[in-house]
Structure formats: C-alpha cells, structure tokens
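So you can see what is in the structure, the chains are spelled out below.
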Amino acid sequence: MNTFKLKYFVITFILSLLLFIITSPLLAIGVTEANIIGTILFQSFTMFLLTKWGNKCHPLFILLAILLGSSCIEILLRILYFEATLCSLSVFIGHEIAVLAGFIVWKVISKSKE
C-alpha cells in the first residue's frame, strides 16, 4: 500500500473512530435508540466515504478502515469489561452490520451504474 492509499486509510480510520466517539453517548438515551441512530449513521457514513474515495483507494481498504475505526475502542472495552458491556452488545453488532450493509449497497449501486 503506497502512501497515497495509506493517507485515505488513516483518514477513514480516524473519521470512523470519531463517529464512534460521537455516537457513544447515545447509549445514555437507550439501547434501542442508540442502535437505530447509530446504524443509520454508520451505513450512511460508509456509503458516503465509498462514493467519495472508492475510485481513489480500493474499497476493501476503506471498509477495513471503517470496521477497525468503529470497533477498536469497543473491542478493547469488551475484552476488559465483558459482563458489564453485555447489555450494549446489540449496538456494537448493529453498527458493524450497518457498515457491511453500506458496503454491499454501495457495491450494488456502483455495479448498476456500469
């Protein structure tokens, strides 16, 4: 991976990490609300970045950066405090599925444009 692609990977990772940090306080409202809002945000975020940078960097690198950025803190917390964080596991799974769904939807849309 050259420095050009590495730049997009790092930027995507940081943006995804920031989105996770921004959406984390939603758990104070409720697990269901956090899951719904976070899922919509992460799917939209994934599709936006893939649409913007999908032709400049390999889409799988972007997907990997989003998945890593959105889950690096979450996985660490779950390893350290698994029992205490079990109630919000559905939010974590929902966010990761939303990222994957955003990738699949983007892939289908981009193939239909060809």
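Because the structure is a prediction, the values reported are computed rather than measured. (Residues numbered from 1 in each chain as written. Predicted model: local features only at pLDDT ≥ 70, side-chain atom pairs only at ≥ 80, totals over all residues. Heavy atoms only, no water.)

## Thoughts on helix 5 (residues 89–113)
Line of reasoning, step 1. Across its 25 residues, helix 5 extends 36 Å between first and last C-alpha, which sits within 8% of the 36 Å expected from 1.5 Å per residue.
Line of reasoning, step 2. Every buried residue of helix 5 is accounted for by Val-91, Phe-92, Gly-94, His-95, Glu-96, Ala-98, Val-99, Gly-102, Phe-103 and Trp-106. (Helix = DSSP H or I, 4+ residues; strand = E, 2+ residues; numbered from the N terminus. Expected span 1.5 Å × (residues − 1). Buried < 20%, exposed > 50% of the residue type's maximum accessible area, 1.4 Å probe, protein only.)

## Comments concerning the pattern of salt bridges
Side chains carrying opposite charge are able to pair once their charged atoms draw close together.
Line of reasoning, step 1. Here the structure, examined in full by the defined rule, presents one salt bridge.
Line of reasoning, step 2. For Arg-78, the salt bridge is made with Glu-74, and the minimal N-O distance between the two is 2.7 Å. Separated by four residues within a single helix, Arg-78 and Glu-74 lie in helix 3 (residues 59–80), roughly one turn from each other.
Line of reasoning, step 3. Take Glu-74: its relative accessible area is 13%, and that puts it in the buried class. (Salt bridge = Lys/Arg side-chain N within 4 Å of Asp/Glu carboxyl O.)

## Quick word on the packing of helix 2 (residues 31–53) against helix 5
Line of reasoning, step 1. With their axes 8 Å apart at the nearest point, helix 2 and helix 5 run at an angle of 30° to one another. Between helix 2 and helix 5, the angle falls in the class roughly parallel. Considering the relative orientation of helix 2 and helix 5, their crossing is right-handed. Here Val-31, Ala-34, Asn-35, Gly-38, Thr-39, Phe-42, Gln-43, Thr-46, Met-47, Leu-50 and Thr-51 of helix 2 come into contact with helix 5, specifically with Ser-90, Val-91, Gly-94, His-95, Ala-98, Val-99, Ala-101, Gly-102, Phe-103, Val-105, Trp-106 and Ile-109.
Line of reasoning, step 2. When its residues are assigned to classes, the contact of helix 2 with helix 5 shows 13 nonpolar, ten polar and no charged. (Axes fitted to C-alpha atoms, helices over the stretch in contact; angles between N-to-C directions. Parallel < 35°, antiparallel > 145°, perpendicular 65-115°, else oblique. Left-handed = near helix turned anticlockwise from the far one by under 90°. Contact = heavy atoms within 4.5 Å. Nonpolar A, V, L, I, M, F, W, Y, C, P; charged D, E, K, R; others polar.)

Honestly, it's all geometry; don't read function into it.
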